[in-house]
Amino acid sequence: MKKTKKLKSVLIGFAMLLGLAAAGCVHADSKDRGFTDFAHIEKEYLESIEKLDWPEGTELPEKLEGEDTGASFQTGYGDTRASLLWEYTWIKEWLDTYQTEPEQAEEALKKLETAFDMPYMGEDRCDDATRRYLRENIRKAREGNPSGFMESIQEDDAD
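Read on for a plain summary of the structure. Here the structure is a predicted model, which is why all the values come from computation and not from measurement.

## Description of the pattern of salt bridges
So, point 1. Overall, the coordinates contain 10 salt bridges when judged by the stated rule.
So, point 2. The salt bridge involving Arg142 is made with Glu113; its shortest N-O contact spans 3.0 Å. With Arg142 in helix 5 (residues 128-142) and Glu113 in helix 4 (residues 102-113), the pair connects residues that are 29 residues apart, well separated along the chain.
So, point 3. For Arg142, a relative accessible area of 38% gives the class partly exposed.
So, point 4. For Asp128, the salt bridge is made with Arg131, and the minimal N-O distance between the two is 2.4 Å. Of the two residues, Asp128 and Arg131 both sit in helix 5, three residues apart, roughly one turn of that helix.

The structure is reproduced here in structure tokens:
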């Protein structure tokens, strides 16, 4: 797969994961984490992207897109956005390799299993249902069943 096509697919999928974030992963109480501006969140996002481990050949975004630059954001939102992109990228890696490259697919699952130790999956940013959904999809993938991962990204691939 060409790098630009892979990146486009990743970015499209990322938009879907943002919907999941709005539904469950970005709801921390504002008294726990303060609010900040777009510049801070973009910096946080780019720093988080640089720290995360990505599948080989992934082209990383150079800026945070799709946000109202005049809005206020909860501290941690940039990291959550980066982490959701990371999650989506590893899901795509598993889907792209599980039938043809089992070692790469296994690595993708191992990476996804580390998500539960990452801040974006913490109780202050994510609900139990969202964590259960990812755990269940990883379990299905371990059994060779792509349905959970496919469901989680199907809308994006249709675009």
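## Details of the packing of aromatic side chains
So, point 1. Evaluation of the coordinates by the stated rule reveals four aromatic pairs.
So, point 2. Their ring planes at 10° and their centres at 4.3 Å tell us that Trp94 and Tyr98 sit as a pair that is stacked.
So, point 3. Assessed through its relative accessible area of 2%, Trp94 is described here as buried.
So, point 4. For Tyr98, a relative accessible area of 23% puts it in the partly exposed group.
So, point 5. Chaining the aromatic ring pairs together yields one cluster made of Phe38, Phe73 and Tyr77.
So, point 6. The ring of Tyr45 has Arg81 lying over it, and the distance from NZ or CZ to the ring centre is 5.8 Å.
So, point 7. Here Arg135 stacks its cationic end above the ring of Phe116, 3.8 Å away from the centre of that ring.

## Observations concerning helix 3 (residues 77-97)
So, point 1. The terminal C-alpha atoms of helix 3 lie 30 Å apart, and with 21 residues this matches the ideal 30 Å at 1.5 Å per residue to within 8%.
So, point 2. Of all 21 residues in helix 3, 20 are buried; the element is thus mostly enclosed.

Rules and cut-offs
Residues numbered from 1 in each chain as written. Predicted model: local features only at pLDDT ≥ 70, side-chain atom pairs only at ≥ 80, totals over all residues. Heavy atoms only, no water. Salt bridge = Lys/Arg side-chain N within 4 Å of Asp/Glu carboxyl O. Helix = DSSP H or I, 4+ residues; strand = E, 2+ residues; numbered from the N terminus. Buried < 20%, exposed > 50% of the residue type's maximum accessible area, 1.4 Å probe, protein only. Phe/Tyr/Trp six-rings, centres within 6.5 Å; stacked < 30°, edge-to-face > 60°. Lys NZ or Arg CZ within 6 Å of the ring centre and 35° of its normal. Expected span 1.5 Å × (residues − 1).

Read these as spatial facts, not as claims about activity.
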